[in-house]
Amino acid sequence: AQRVTQPEKLLSVFKGAPVELKCNYSYSGSPELFWYVQYSRQRLQLLLRHISRESIKGFTADLNKGETSFHLKKPFAQEEDSAMYYCALRASSGSARQLTFGSGTQLTVLP
Amino acid sequence: NAGVTQTPKFQVLKTGQSMTLQCAQDMNHNSMYWYRQDPGMGLRLIYYSASEGTTDKGEVPNGYNVSRLNKREFSLRLESAAPSQTSVYFCASSTGSGANVLTFGAGSRLTVL
């Protein structure tokens, strides 16, 4: 069975500092990885996915199959980045193709 | 375009009471899901419906039942609520059965006393 681990429940950085939210996964096949974000009083929404290789709101994430990681990075954090971030995995085949979420990291960007 | 609409937003129950959480989407999505969100546990899948007329268990189905009433609506029922079911419940939908990109509702906060 697949598993997603986000080791940091809470992460605080100062505005303008780099930020990295860690995500590690265990899955024997070739997964699809996603980052979802929930801003205060807003709905959970997709931030980015690895297959798109895109940068959204300055965030990027690279799938590292060797380290089984999909860390989310931003070079200069902004106060509006404060939110709960969830890493999620979808299996590439088989019956377990539903999204498996990590436990989430609450990011606070301090002024 | 409302997206995914959940009702009620808040509910307090006593142990043993029953209730149904309602979810409707207006995006013509095929698949719908119910998750629960608990501190330190993230989102865990309760049940999902890959398409109209089908439902399947997720990671934590015990104590819940679901009904895919039609393509738009997917309800979650607690037959005999327990304090362990105190949580925030999220309904979501997606275009395809492979989860793809999920669109979430605003959530329903349930407290069982």
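Keep in mind that what you see is a predicted model, and the values were worked out from it rather than measured.

Engineer: Is there a simple way to explain the overall build of chain B in this structure?
Structural biologist: The number of helices and strands found in chain B is zero helices and 11 strands. Reading the helices (α) and strands (β) of chain B from amino to carboxyl end gives β-β-β-β-β-β-β-β-β-β-β. Taken over C-alpha atoms, the radius of gyration comes to 13 Å for chain B, in line with the 13 Å a tight globule of 113 residues would show. Its C-alpha atoms give chain B principal-axis dimensions of roughly 35 × 25 × 25 Å. Here the contacts in chain B between residues at least 6 apart in sequence split such that 54% fall between residues at least 24 apart. Summed over all atoms, the accessible surface of chain B reaches about 5,000 Å², with 48% contributed by carbon and sulfur.

Engineer: Which parts of the structure should I look at to understand the side chain of Gln38 of chain A?
Structural biologist: Following the sequence through the fold, Gln38 of chain A ends up in strand 5 (residues 32-38). Here the side chain of Gln38 of chain A touches Gln37 of chain B through a polar contact of 3.3 Å, side chain to side chain. Aside from chain neighbours lying at most four places away, what touches Gln38 of chain A is Arg43, Leu44, Ala83, Met84 and Tyr86 of chain A together with Gln37 and Phe90 of chain B.

Engineer: What is the right way to look at the layout of surface pockets in this model?
Structural biologist: Picture a little ball the size of a water molecule; that probe, rolled over the atoms, points out where space is still empty. Its boundaries defined by the atoms lining it, the largest pocket holds a volume of some 680 Å³. Taken together, the residues of the lining of the largest pocket break down into 10 nonpolar, 13 polar and five charged.

Engineer: What am I meant to see in the nonpolar core here?
Structural biologist: Among soluble globular proteins, nonpolar side chains are generally buried collectively. Counting 26 residues, the largest nonpolar core has Trp35, Leu72 and Tyr85 of chain A as its most contacted members. By residue number, the principal contributor to this core is strand 9 (residues 83-90) of chain A, which donates four residues. Other than its neighbours up to four places away in sequence, Leu72 of chain A contacts Val19, Glu20, Leu21, Trp35, Leu47, Leu48, Phe59, Thr60, Ala61 and Tyr85 of chain A. In this structure, Tyr47, Ala81, Tyr89 and Val112 of chain B belong to the second largest nonpolar core, which totals 20 residues.

Engineer: Got a minute to help me understand the pairing of strand 7 (residues 64-68) of chain B in this structure?
Structural biologist: Sheet faces and side chains relate simply in a regular strand, where the side chains alternate between the two faces. Burial along strand 7 of chain B is one-sided: the residues Tyr64, Val66 and Arg68 of chain B are buried and none of Asn65 and Ser67 of chain B is. Between strand 7 of chain B and strand 8 (residues 74-78) of chain B, which pair antiparallel and follow one another directly, the connecting turn spans five residues.

Engineer: Looking at this structure, how should I read the interface of chain A and chain B?
Structural biologist: At the junction of the two partners, chain A supplies 17 residues and chain B supplies 21 residues. When chain A packs against chain B, close to 1,500 Å² is buried across both sides, 54% of that on carbon and sulfur atoms. Our enumeration of links across chain A and chain B arrives at zero salt bridges. On inspection of chain A and its partner chain B, the count reaches five residue pairs in polar contact (both at pLDDT 80 or more). The leading source of residues in the side of chain A that touches chain B is strand 5 of chain A, at three residues. Tallied by class, residues from the side of chain A that touches chain B come to seven nonpolar, five polar and five charged.

Engineer: What is the right way to read the state of the cysteines from this model?
Structural biologist: A covalent bond between the sulfur atoms of two cysteines is what we call a disulfide. All names here are of chain A. Overall, the coordinates contain two disulfides over all chains when judged by the stated rule. Covalently, Cys23 is tied to Cys87 through a disulfide, its sulfur atoms 2.0 Å apart. Because the sign of the S-S torsion sets the handedness, a value of about -65° for the bond joining Cys23 and Cys87 places this disulfide among the left-handed ones. Residue Cys23 is located in the loop between strand 3 (19-21) and strand 4 (24-26), and its partner Cys87 is located in strand 9; the two are separated by 64 residues in the primary sequence. Note on accessibility: Cys23 and Cys87 belong to one class, buried.

Engineer: Teacher, can you tell me more about unusual backbone geometry here?
Structural biologist: For residues other than glycine, phi is negative in most cases, and the peptide bonds are mostly trans. Backbone torsion omega between Thr7 of chain B and Pro8 of chain B reads -5°, so that peptide bond is classified as cis. Note on placement: Pro8 of chain B falls in the loop between strand 1 (4-7) and strand 2 (10-13). The backbone phi angle of Lys57 of chain A is positive, close to 50°, even though this residue is not glycine. Within the fold, Lys57 of chain A resides in the loop between strand 6 (45-49) and strand 7 (60-61).

Engineer: Explain the sheet that holds strand 8 of chain B here, please?
Structural biologist: The pairing of strands in a sheet happens through backbone hydrogen bonds and is either parallel or antiparallel. Residues and elements named next belong to chain B. With antiparallel pairing, four strands are arranged side by side in an open sheet as 1-3-8-7. At either margin of the open sheet sits one strand with a lone partner, and together these are strand 1 and strand 7. With direction set aside, neighbouring strand axes in the sheet form an average angle of 15°. Judged from the three bridges that link them, strand 3 (residues 19-25) and strand 8 form a sheet pairing that is antiparallel. Opposite Met19, over in strand 8, you have Leu78 as the bridge partner.

What counts and what doesn't
Residues numbered from 1 in each chain as written. Chains lettered and ligands numbered in written order. Predicted model: local features only at pLDDT ≥ 70, side-chain atom pairs only at ≥ 80, totals over all residues. Heavy atoms only, no water. Helix = DSSP H or I, 4+ residues; strand = E, 2+ residues; numbered from the N terminus. Rg over C-alpha atoms; globule rule 2.2 N^0.38 Å. Contact = heavy atoms within 4.5 Å. Areas by Shrake-Rupley, 256 points an atom, 1.4 Å probe, with all protein chains shown as cover. Polar contact = N/O pair within 3.5 Å; in protein donor to acceptor, adjacent residues only side chain to side chain. 1 Å grid on protein atoms, 1.4 Å probe; cavity = no way out; pocket = protein on both sides within 12 Å on 5 of 7 lines; lining within 4 Å. Points joined across faces, edges and corners; volume = space filled by probe spheres on them. Nonpolar A, V, L, I, M, F, W, Y, C, P; charged D, E, K, R; others polar. Core = buried A, V, L, I, M, F, W, Y, C linked by side-chain atoms within 4.5 Å. Buried < 20%, exposed > 50% of the residue type's maximum accessible area, 1.4 Å probe, protein only. Pairing = 2+ DSSP bridges. Buried area = accessible area lost by both parts, 1.4 Å probe. Salt bridge = Lys/Arg side-chain N within 4 Å of Asp/Glu carboxyl O. Disulfide = S-S within 2.5 Å. Axes fitted to C-alpha atoms, helices over the stretch in contact; angles between N-to-C directions.

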